[in-house]
Amino acid sequence: MIGKARFLLAETGQNIWRNIALTLASILVAAVSLTLFGTSQLVARGVENATQRWEGGIEFVVFMKADAEQSQLDAIEALLEESRGEEINDWDFVSKEETFNEFIEFFAGDEELLDTISVETMPPSFRIQPTDPDAGAVAALGGTFESKPGVRTVVFATEVIREIQTNAEKISQVMLWVGVLLLVASAIVILTTLSIAISSRRNEIEIMKLVGASNWFIRIPFMIEGLLQGVIGALLALPFLAFARQYVIEDFSESDRLRLLEGFRVTDSEFLFISLTAIAIGTAVATVGSILAVSRYLDV
Amino acid sequence: MIRLENVTKEYNPTSPALIDASAEIEKGEFVFLVGASGSGKSTFIRLLNREEKPTSGKVYVAGKDIVGLSSWKVPFLRRNIGCIFQDFRLLPKRTVAENVAFALEVIGRPKHVIDQQVPAILDLVGLSEKSHRMPDELSGGEQQRVSIARAFVNRPLILLADEPTGNLDPDTAVGIMRLLDRINRTGTTVVMATHDRGIVDTMRRRVIELKDGEIVRDQSGGQYR
Ligand SMILES: Nc1ncnc2c1ncn2[C@@H]1O[C@H](COP(=O)(O)OP(=O)(O)OP(=O)(O)O)[C@@H](O)[C@H]1O
Ligand SMILES: [Mg+2]
C-alpha cells in the first residue's frame, strides 16, 4: 500500500516536472479566475453590508448622541408615531446594544478597534421609511429631526449611495462573468496539460496496460496532477483575495469622507466562506478537467 | 489453457484479418504461428490478451470467456499473460533492473518482493552483470532478454511472443529461443509468431499456419514449409 502510494506520487511528480511550463500556466489561469470570482463576491458582500441599513425603503437614519437621555428618545419616538401613516410609512428603533452587536460583527478580528468601544459609546438610532421617496421631500422631512435635542446627525440614503450601490453591483457582476469564463478556460488548459502529459508518457502507459496495471492505477497520477493544478491555483488566489479585501475594499470605505459607505467591509466569516468556495470551485473545475482528460485521452 | 472457437476478426468489413479460426492450446504447449505477412498472426496474438475483441466467435483463456470480460477485469487477465515483441518496447530512461521492476510496481507488488524477484529473473536471463545499464547500452539480443525478464518476472501462465527474433541475427536468435524453451519447460504455455524458418524447423514444435486469415495447417512437431 505504501509502496503503491509512493510509486503513484513519484509518477505524478515526474509528470509535473516534465511538463512544468504548461503546469505553471495552468495554475496561474486557475489562480486568476478564482481571484476574480472571489473579488466579485467580496464586492457584493461589501455592498450588501454597507447598504444593509438602507434596505426596505429606508431613506434616512436619525442617529442620537451616545449620551442622549431617555426622555429625548421618547420625544423622537412620539414625534414619529404622530406622523405614522402620513409622512412616515414605518420606522424602526435600533438600540445601543443592537448597534454594538452589529459593530462587533462587522469589525470582528479588529481587536484594536473593538477594545476602544463599549455598549455605552454606541449611538442609538431610528431608521425611517418615509411615505414619499422623492429626494426633496425626504430631505425636508429628515431636516426637521436635525435640530431636536439629543440628535447627533441625520444620514440620508441619497442618490449617491444608490449610484455607488448599482455601480459596485455592476463591477461585481462583470468580475463574476469574466471569472466564470476564465474558469472554463482553466478547465480547458488543465485538459490540454493532461493530454500532453498523457501523450508524452504513452510508452509507459502501453507497458502498464500490457503487464496488467489496473485502470485506476494508470489514471490516478494524471488525475492527481490535474487536481493539484486546480487546488494550487485556488491556494494561490487566497493571498490575492486577502489583498483585495484589505487594500481595495477597505481603503475605498476609509477614503469615503461622507461616511456613506461606513460598513463597506467583509466580515472574517464571510471572507472564510468566500475563500472556501473558491477552493471548492477550483477543485471542482480541476476534477472536471481531469476526468474529461483521462476519459478522452487515456484509453483504459 | 487457450481455446478459439470460430473466431473471425474484421478490422474493416471488406477484408477480415482472421476467418473462422478454431484451435485449442494445452497448458505447457509451445506453438509457432507461421504465415506470410498480413496473414493474421499478430491479430491471433492480440485476441489472446484482449488487445482486440473478435468480431464473432469465442476466446477462452484459462477456462474463462475473455470476450465478454468487463474492462476493469482485463488487467487481471493480463497479469497471467507475458508479452514480448520484435521491437522490445523497453522504457529508454530506465535501467535494465528498473524496466523489469516497473512491471511489478505497476501491479502494486510490495518492495521486498520486487527487490527479491528482479535480481532472480535477471539471473535467469543472464543479465545480472548489466542490471544498471540503460537499454541503449545493450545489444539487441540483450534488450530482448530484458523484455523477456519483464514479461516473465510475474510468472505468467502464458507467454505471447510476436516475432521476438525478427530484429536479431541468427546466432543471437538461437540464444533467445533457448531462453524461451527454458521458460516453456517451467510449464509456461508459449505462443510465438515467427517468419524464421530455421528456428521452426530445428525446434520441431506444434505449428499453426495462417493464410489470408484462415488456419490452413495445425500440425504437431511440424516444419515451417
Ligand atoms: N489495427 C488494425 N487496423 C486495421 N487493419 C489491421 C490492423 N491490424 C492488422 N490489420 C490488418 O489485418 C491483417 C492481418 O494483420 P496482422 O498484423 O495480423 O498480420 P501478421 O500476420 O502479423 O503480419 P506480419 O507478418 O507482417 O506481422 C492485415 O491485412 C492488416 O492490414
Ligand atoms: Mg505481425
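Above this text sits the structure in question.
Here's a quick rundown of the structure. What you see is a predicted model; the values in this text were computed from it and never measured. (Residues numbered from 1 in each chain as written. Chains lettered and ligands numbered in written order. Predicted model: local features only at pLDDT ≥ 70, side-chain atom pairs only at ≥ 80, totals over all residues. Heavy atoms only, no water.)

## Some details on the overall build of chain A
Regarding its fold elements, chain A presents ten helices and four strands. Expressed as a percentage of the 300 residues in chain A, the buried residues total 46%. Considering only intrachain contacts with a sequence separation of at least 6, the fraction spanning at least 24 residues in chain A is 84%. For chain A, the exposed surface amounts to about 15,200 Å²; the carbon and sulfur share of it is 62%. (Helix = DSSP H or I, 4+ residues; strand = E, 2+ residues; numbered from the N terminus. Buried < 20%, exposed > 50% of the residue type's maximum accessible area, 1.4 Å probe, protein only. Contact = heavy atoms within 4.5 Å. Areas by Shrake-Rupley, 256 points an atom, 1.4 Å probe, with all protein chains shown as cover.)

## Some details on the pattern of salt bridges
Taken as a whole and judged by the stated rule, the model has 17 salt bridges over all chains. Taking the shortest distance from any N to any O, the salt bridge between B:Lys58 and B:Asp65 comes out at 3.8 Å. Judged by its relative accessible area of 38%, B:Lys58 falls in the partly exposed class. A salt bridge links B:Arg217 to B:Glu209, with the shortest nitrogen-to-oxygen separation between them at 2.9 Å. Three or more residues are tied together by salt bridges with common partners; here these are A:Glu81, A:Arg84 and A:Asp90. (Salt bridge = Lys/Arg side-chain N within 4 Å of Asp/Glu carboxyl O.)

## Here we look at the packing of helix α5 (residues 140-152) of chain B against helix α6 (residues 170-185) of chain B
All names here are of chain B. Where α5 contacts α6, the two axes come as close as 10 Å, and the packing angle between them is 15°. Regarding the angle of α5 to α6, the classification is roughly parallel. As for the relative orientation of α5 and α6, their crossing is right-handed in sense. Here Gly141, Gln144, Arg145, Ile148 and Phe152 of α5 come into contact with α6, specifically with Thr172, Gly175, Ile176, Leu179, Leu180 and Ile183. (Axes fitted to C-alpha atoms, helices over the stretch in contact; angles between N-to-C directions. Parallel < 35°, antiparallel > 145°, perpendicular 65-115°, else oblique. Left-handed = near helix turned anticlockwise from the far one by under 90°.)

## Quick word on the packing of helix α3 (residues 96-105) of chain B against helix α4 (residues 111-124) of chain B
Residue and element names in this part refer to chain B. α4 packs onto α3 with a crossing angle of 130° between their chain directions and a minimal axis gap of 10 Å. Overall, the two elements α3 and α4 adopt an arrangement that is oblique. Crossing geometry of α3 relative to α4 is assigned as right-handed. Contact with α3, carried on its side by Val96, Ala97, Val100, Ala101, Leu104 and Glu105, involves Ile114, Gln117, Val118, Ile121 and Leu122 of α4 and no other residues of that element. For the contact of α3 with α4, the residue count by class is nine nonpolar, one polar and one charged. (Nonpolar A, V, L, I, M, F, W, Y, C, P; charged D, E, K, R; others polar.)

## Some points on the site of ligand 1
Residues and elements named next belong to chain B. In the neighbourhood of ligand 1, 13 residues make up the surrounding shell, with Ser37, Gly38, Lys41, Ser42 and Thr43 lying closest. The separation between an oxygen atom of ligand 1 and a polar side-chain atom of Ser37 is 2.5 Å. Residue Arg46 places a side-chain N or O atom 3.2 Å away from a nitrogen atom belonging to ligand 1. Protein contact buries 61% of the 630 Å² of open area that ligand 1 shows by itself. Split into classes, the residues belonging to the shell around ligand 1 amount to three nonpolar, seven polar and three charged. (Near = heavy atom within 4 Å. Polar contact = N/O pair within 3.5 Å; in protein donor to acceptor, adjacent residues only side chain to side chain.)

## Notes on the nonpolar core
Generally speaking, soluble globular proteins have nonpolar side chains that are buried together. B:Phe32, B:Val106, B:Leu122 and B:Leu180 are the most contacted members of the largest nonpolar core, which has 60 residues in total. With seven residues, α3(B) is the largest single contributor of residues to this core. Filtering out sequence-adjacent residues up to four positions away, B:Leu180 remains in contact with B:Phe30, B:Ile84, B:Ile148, B:Leu159, B:Pro164, B:Val190 and B:Met192. Membership of the second largest hydrophobic core comes to 30 residues, among which are A:Leu210, B:Leu48, B:Ile66 and B:Val191. (Core = buried A, V, L, I, M, F, W, Y, C linked by side-chain atoms within 4.5 Å.)

## Brief notes about the interface of chain A and chain B
When the parts come together, some accessible area is lost, and that loss is often what is quoted as the size of the interface. Between chain A and chain B, the contact holds 18 residues from the first and 21 residues from the second. In this assembly, chain A packs against chain B so that about 1,600 Å² is buried in total across both faces, 64% of it on carbon and sulfur atoms. Its largest share of buried area at the contact with chain B, chain A owes to A:Ile207, A:Leu210 and A:Val211, together 35% of the area lost on that side. Counting the contacts that link chain A with chain B gives one salt bridge. The salt bridge involving A:Glu206 is made with B:Arg89; its shortest N-O contact spans 2.6 Å. Counting the contacts that link chain A with chain B gives three residue pairs in polar contact (both at pLDDT 80 or more). Elements with a contribution of two residues or more to the side of chain A that touches chain B: α1 (2-18), α8 (202-211) and α9 (215-254) of chain A. (Buried area = accessible area lost by both parts, 1.4 Å probe.)

## As for the sheet that holds strand β6 (residues 81-85) of chain B
Residues and elements named next belong to chain B. With respect to topology, six strands assemble into an open sheet ordered β6-β7-β8-β3-β9-β10, the strand pairing being mixed. Across the chains shown, the open sheet's two edge strands, defined by having one partner strand only, are β6 and β10 (214-219). Averaged over all pairs of adjacent strands, the angle between their axes in this sheet comes to 15°, without regard to strand direction. Relative to the sheet, α5 contacts β6 and β7 (158-162), its axis offset from that of β6 by approximately 165°. (Pairing = 2+ DSSP bridges.)

## Concerning the sheet that holds strand β1 (residues 2-9) of chain B
Residue and element names in this part refer to chain B. Taken together, the four strands give an open sheet; going across it, the order is β2-β1-β4-β5, and neighbouring strands pair in antiparallel fashion. Either end of the sheet is taken by a strand with one partner, and the two such strands are β2 (18-25) and β5 (64-65). Against the sheet, helix α1 (residues 41-48) contacts β1, β2 and β4 (56-61), and its axis sits at roughly 125° relative to β1.

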